[in-house]
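# Tertiary structure, described
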Amino acid sequence: MTQLAVRDAPLLNVDNLVVEYGLGNKVVHAVSGVSLHVARRETLGLVGESGCGKSTLGRAVLQLRRAKSGRVLFDGEDLTAMEGEALRKMRRRVQLIFQDPIASLNPRRRIGDIVAEPLIIAGVKDAAERKRRVIEVLAAVGLDPDLVAGRLPHEFSGGQCQRICIARALVLNPEFVVCDEPVSALDVSIRAQILNLLEEMKARFGLTLLFIAHDLAVVKAVSDRVAVMYLGRLCEVAPSEQLFARPAHPYTALLLQAIPVPDPDVRPPESVAIGEPPSPIAPPSGCRFRTRCPRADQQCSAEIPELREVAPGQLAACHHPLA
Amino acid sequence: MSPPLLTIEDVAVELPTPRGDLRAVDHVDLSLEPGRTLGIVGESGCGKTMLSRAILQLLPKKAKLSGRVMFDGRDLVRLAPESLRRLRARDLAVVFQDPMTSLNPVLTIGTQLMETIQEHLELDVPAARKRSIELLAAVGIPAPEQRLAQYPHQCSGGMRQRIAIAIALSCEPKLLIADEPTTALDVTIQAQILDLLAREQRRRHMAMIIITHDLGVVAGRADEVAVMYAGRVVERAPTQALFKRMHMPYTEALLAAIPKLETAPHTPLPAISGRPPDPTRPLKGCSFAPRCRYAAGRCHAAKPELKSAEISGHLYACFHPIQMAEGMSA
């Protein structure tokens with residue numbers, strides 16, 4: 001392989017990943033055969049409703065939850081086969097930002113120590129060097145290091161705590177960051193600040209992002225491509241503009257219709273969704289969306305639809321995609 | 001126009017904290033006619049939930065409430081506890097954000113529904129049971145008879161919220177207060193619940209207050225919107241007028257900060273800098289002034305009062321209102 005081909009290869013390649021949880025004597029089919037890739041310096045948005053497996057997928061990518069089968073290739077290396085020290089080394093390159101910024105900071109530790117901890121774990125022994133990097137990253141996320149480093153998490157608002165979490169995730173100069181609902185716990189006015197900050201950090205540090213959220217408008221604001229997930233499977237993957245302008249999967253179309261629009265002239269559509277999502281313990285046969293889909297027929301209950309290209313760059317897993 | 005069902009006059013709520021009194025609601029006036037929907041919009045800590053608790057007389061024990069809450073001709077602030085109890089659930093109902101915590105986890109759905117119906121409508125058990133089944137069917141619950149014997153944990157979040165709505169509607173209330181009724185729910189379920197509330201409201205000619213942080217939720221569903229910031233109503237208008245021509249810079253900034261589906265990816269959002277003021281340290285001037293791009297000298301020195309715009313019913317509290325005349329913006 002030439003040097004160029006290596007550089008163009010996706011940074012992350014998820015291949016037929018299956019993750020299951022035991023629940024008593026039952027099995028929760030959280031992720032059932034998901035394949036996707038994220039190119040270098042790309043943001044892939046991952047949307048879906050609660051329980052669709054999007055967070056589990058994010059965690060399985062980072063090996064915080066081990067997959068039952070399938071592979072996660074990061075920069076060509078299979079993370080699912082790694083253990084111990086090798087995995088720990090790899091984790092310096094991949095980081096995670098959680099939904100609840102306040103709960104993900106230890107309330108008894110000072111901000112400076114919280115942000116320095118990844119450096120200690122990574123073996124940066126020089127205290128002056130650690131301090132320099134903490135100051136640099138705190139300033140980068142818009143906090144004054146002199147004012148915040150000595151304080152405790154309870155002295156900060158939710159938005160500021162999320163800035164601290166971002167600083168902690170970035171202090172090791174990772175290449176890849178999984179953002180799991182990073183703004184859904186924040187107020188509208190703060191949400192915009194954090195989304196702008198993530199975009200700025202992505203450009204400044206050359207990051208590749210997997211951005212998980214349930215809010216389609218938030219996902220569109222930051223993503224180059226978007227993957228839509230339903231009950232453990234991908235429904236559709238497409239470049240952002242294309243997905244929102246011409247959804248191919250009926251579930252994507254339904255999600256788009258259900259969003260309340262802040263414009264009184266846009267009448268809210270009456271009852272766009274049929275029923276509720278089925279349980280991931282006993283997912284429907286064939287297409288998992290068929291029980292709520294207006295286009296479902298015999299074929300949908302008999303055959304699992306494969307993700308296939310319906311338009312250039314646009315993949316959909318549907319027997320009857322929208323034109 | 002019919003006389004208002006609910007009139008809130010000069011309501012203020014103060015909560016004692018170790019750092020001094022926190023003014024959660026700062027002299028609010030509102031009114032609502034029968035059959036109409038009022039949306040109260042604001043970010044967390046703006047006082048919208050405390051205001052709803054003041055209407056329901058469900059404030060924390062230590063809270064200090066002043067002003068008048070006139071409901072159906074009676075001042076709720078001065079009503080005896082027993083009369084208040086009879087009024088709540090019967091004429092004045094509420095649906096909370098989290099249906100898991102508002103339902104009792106150790107009682108069946110049937111017990112919880114029938115308890116309310118028997119208590120307030122004085123029906124016997126078979127009649128109350130029949131009515132419970134009708135109510136569950138009306139809020140879109142399949143196989144309502146079987147649901148009566150189930151416990152809340154056996155239902156999904158959307159189902160639980162439907163049950164909470166059924167309980168709230170069980171005594172044909174005149175006013176329903178829905179406090180972030182869909183915030184805990186998924187977007188496809190949110191649309192169903194909002195449709196359900198709108199349908200039942202029309203059918204029952206009930207007044208409704210929807211409290212939310214999401215301007216999108218009120219845009220299509222409220223007749224009138226009140227925007228709250230730091231304990232005060234800073235703008236209030238018929239929904240169409242508010243979205244067409246808002247006068248308060250905070251309303252404009254709040255709407256602008258929401259990511260829009262029609263915007264191209266990677267477009268920087270017009271974020272509001274800073275954060276809301278500390279409610280235990282009230283500002284002398286306009287509470288939004290430190291974050292406002294139009295703020296000038298007077299904004300930091302005096303509090304702007306709510307005053308009328310050119311459209312009747314449109315009020316705003318700002319010294320430098322925007323979009324005041326056609327084609328002009330301050």
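Residues numbered from 1 in each chain as written. Chains lettered and ligands numbered in written order. Predicted model: local features only at pLDDT ≥ 70, side-chain atom pairs only at ≥ 80, totals over all residues.

Let's shift gears to the overall build of chain B. Counting secondary structure elements, chain B contains 12 helices and 12 strands. A compact globule built from 330 residues would reach a C-alpha radius of gyration of about 20 Å, and chain B, at 21 Å, matches this within 12%. Its C-alpha atoms give chain B principal-axis dimensions of roughly 70 × 50 × 45 Å. Counting all 330 residues of chain B, 47% fall into the buried class. Summarising the internal contacts of chain B: among those between residues at least 6 apart in sequence, 63% fall at separations of at least 24. (Helix = DSSP H or I, 4+ residues; strand = E, 2+ residues; numbered from the N terminus. Rg over C-alpha atoms; globule rule 2.2 N^0.38 Å. Buried ≥ 20, exposed ≤ 12 C-beta atoms within 10 Å, placed from the backbone. Contact = placed C-beta atoms within 7 Å.)

On to the overall build of chain A, then. Within chain A, the regular secondary structure consists of 12 helices and 12 strands. Relative to a compact globule of 323 residues, whose C-alpha radius of gyration would be 20 Å, chain A shows 21 Å and is just as compact. Seen through its C-alpha atoms, chain A measures out along the principal axes to roughly 65 × 55 × 45 Å. A separation threshold of at least 6 residues defines the contact pool for chain A, and within that pool the share at least 24 residues apart is 65%.

The next thing to look at is the UniProt feature "domain: ABC transporter" (unreviewed entry) in chain A. Per the UniProt annotation, the sites labelled "domain: ABC transporter" (unreviewed entry) are residues 12-256 of chain A. Helix makes up 39% of residues 12-256 of chain A and strand 27%, with an end-to-end C-alpha separation of 27 Å. (UniProt positions renumbered as here; feature names shortened; annotations may be inferred.)

Residues and elements named next belong to chain B. Unlike most non-glycine residues, Gln57 shows phi in positive territory, near 55°. For His205, which is not glycine, the phi dihedral falls at a positive 50°. With respect to the helices, strands and loops of the structure, His205 is situated in the loop between α8 (187-204) and β8 (207-212). By the C-beta count within 10 Å, which is 11 here, His205 ends up exposed.

Take the interface of chain A and chain B next. One frequently used descriptor of interface size is the decrease in accessible area upon assembly of the parts. Contact with chain A, which involves 42 residues of that partner, is made by 40 residues of chain B. Counting residues per element, the ones that place at least two in the side of chain A that touches chain B are α8 (188-205), α9 (216-222), α10 (240-245) and α11 (250-258) of chain A. Classifying every residue of the side of chain A that touches chain B gives 22 nonpolar, 10 polar and 10 charged. (Nonpolar A, V, L, I, M, F, W, Y, C, P; charged D, E, K, R; others polar.)

So, about the sheet that holds strand β3 (residues 43-47) of chain A. All names here are of chain A. Taking strand neighbours across the sheet as the criterion, the 8 strands line up as β6-β7-β8-β3-β9-β10-β12-β11 in an open arrangement whose pairing is mixed. On the outer flanks of this sheet lie β6 (94-97) and β11 (308-311), each paired with one strand and no other. Direction aside, neighbouring strands of the sheet carry axes that sit 20° apart on average. Sheet topology places β3 next to strand β8 (residues 208-213); 5 bridges connect them, and they run parallel. Bridge pairing in β8 links Leu46 to Ile212. Its contacts with the sheet put helix α2 (residues 54-61) on β3, β7 (176-180), β8 and β9 (225-230), and the angle it makes with β8 is roughly 155°. (Pairing = 2+ DSSP bridges. Axes fitted to C-alpha atoms, helices over the stretch in contact; angles between N-to-C directions.)

In terms of residue burial, helix α11 (residues 249-256) of chain B counts as a mostly covered element, since 7 of its 8 residues are buried. Every buried residue of α11(B) is listed here: Pro249(B), Tyr250(B), Thr251(B), Glu252(B), Ala253(B), Leu254(B) and Leu255(B). Against the buried residues of α11(B) lie α8 of chain A together with α9 (215-219), β9 (224-229), β10 (232-238) and α10 (239-244) of chain B.

The next point concerns the UniProt feature "domain: ABC transporter" (unreviewed entry) in chain B. Annotation from UniProt places "domain: ABC transporter" (unreviewed entry) at residues 6-255 of chain B. Note that residues 6-255 of chain B is 40% helix and 27% strand, and that its end C-alpha atoms are spaced 28 Å apart.

With that settled, consider the pairing of strand β2 (residues 20-32) of chain B. Residue and element names in this part refer to chain B. Where strand β1 (residues 6-17) lies against β2, 9 bridges are found, and the strand directions are antiparallel. Pairing of Pro16 across the sheet is with Asp21, part of β2. From the end of β1 to the start of β2, which pair antiparallel, there are 2 residues.

With that settled, consider the domain arrangement of chain B. All names here are of chain B. Here chain B is partitioned into domain 1 (6-222) and domain 2 (240-257 + 271-330). Of note, the centres of domain 1 and domain 2, computed from C-alpha atoms alone, are 30 Å apart. Of all the secondary structure elements, the ones that give two or more residues to the side of domain 1 that touches domain 2 are β2 and α9. Of the residues forming the side of domain 1 that touches domain 2, the biggest block, 5 residues, is contributed by β2. (Domains from an automatic or database assignment.)

Below, the discussion takes up the pairing of β11(A). Residue and element names in this part refer to chain A. Of the strand pairs in this sheet, β11 and strand β12 (residues 314-316) are connected by 3 bridges, and their pairing is antiparallel. Each residue of the ladder has a partner; that of Arg308, found in β12, is Ala316. Between β11 and β12, which pair antiparallel one after the other, the connecting turn spans 2 residues, and Gly313 there sits at a positive phi close to 80°.

Moving on: the nonpolar core. Among the nonpolar cores identified, the biggest contains 195 residues, and Val115(A), Phe211(A), Leu234(A) and Val227(B) are the most heavily contacted of them. If you tally residues by element for this core, the top one is helix α7 (residues 157-169) of chain B, at 8 residues. The two domains that each donate at least three residues to this core are domain 1 (6-222) and domain 2 (240-257 + 271-330) of chain B. Here Val227(B) is in contact with Val41(B), Gly42(B), Val233(B), Val234(B), Glu235(B), Met248(B), Tyr250(B) and Thr251(B), once residues within four sequence places are set aside. (Core = buried A, V, L, I, M, F, W, Y, C linked by C-beta atoms within 7 Å.)

As a further point, take the confidence of the model for chain B. Summing up the model confidence of chain B, the mean pLDDT is 90 and the portion of residues at 70 or higher is 98%. For this predicted complex, the interface confidence reaches an ipTM of 0.84, while the overall pTM sits at 0.89. (pLDDT = per-residue confidence, 0-100.)

Residues and elements named next belong to chain B. Here 8 strands make up an open sheet; going across it, the order is β6-β7-β8-β3-β9-β10-β12-β11 and the pairing mixed. Single-partner strands in this sheet number two, and they are β6 (92-95) and β11 (307-308). As paired strands, strand β3 (residues 37-41) and β8 are joined by 5 bridges and run parallel to one another. Looking at the pairing, Ile40 lines up with Ile211 of β8.

Position of Leu215(B) among the secondary structure elements: in helix α9. C-alpha separation for the pair Leu215(B) and Val225(B), spaced 10 residues apart in sequence, amounts to 9.3 Å. Excluding residues within four positions of it along the chain, Leu215(B) makes contact with Pro262(A), Val41(B), Leu254(B), Leu255(B) and Ile258(B).

Moving on: the environment of Asp224(A). Among the structural elements, Asp224(A) can be located in the loop between α9 and β9. Each C-alpha atom, one on Asp224(A) and one on Leu255(A), is 19 Å from the other, the two residues being 31 residues apart in sequence. Discounting chain neighbours no more than four positions away, the residues touching Asp224(A) are Glu42(A), Thr43(A), Pro239(A), Ser240(A) and Pro265(B).

All names here are of chain A. Note that Val34 resides in strand β2 (residues 26-38). Looking at Val34, the number of C-beta atoms within 10 Å reads 26, which means it is buried. Taking the C-alpha atoms as reference points, Val34 and Leu57, separated by 23 residues in sequence, lie 8.5 Å from one another. Non-local contacts of Val34, meaning those with residues more than four positions away in its chain, are made with Val14, Leu17, Leu57, Arg233 and Leu234.

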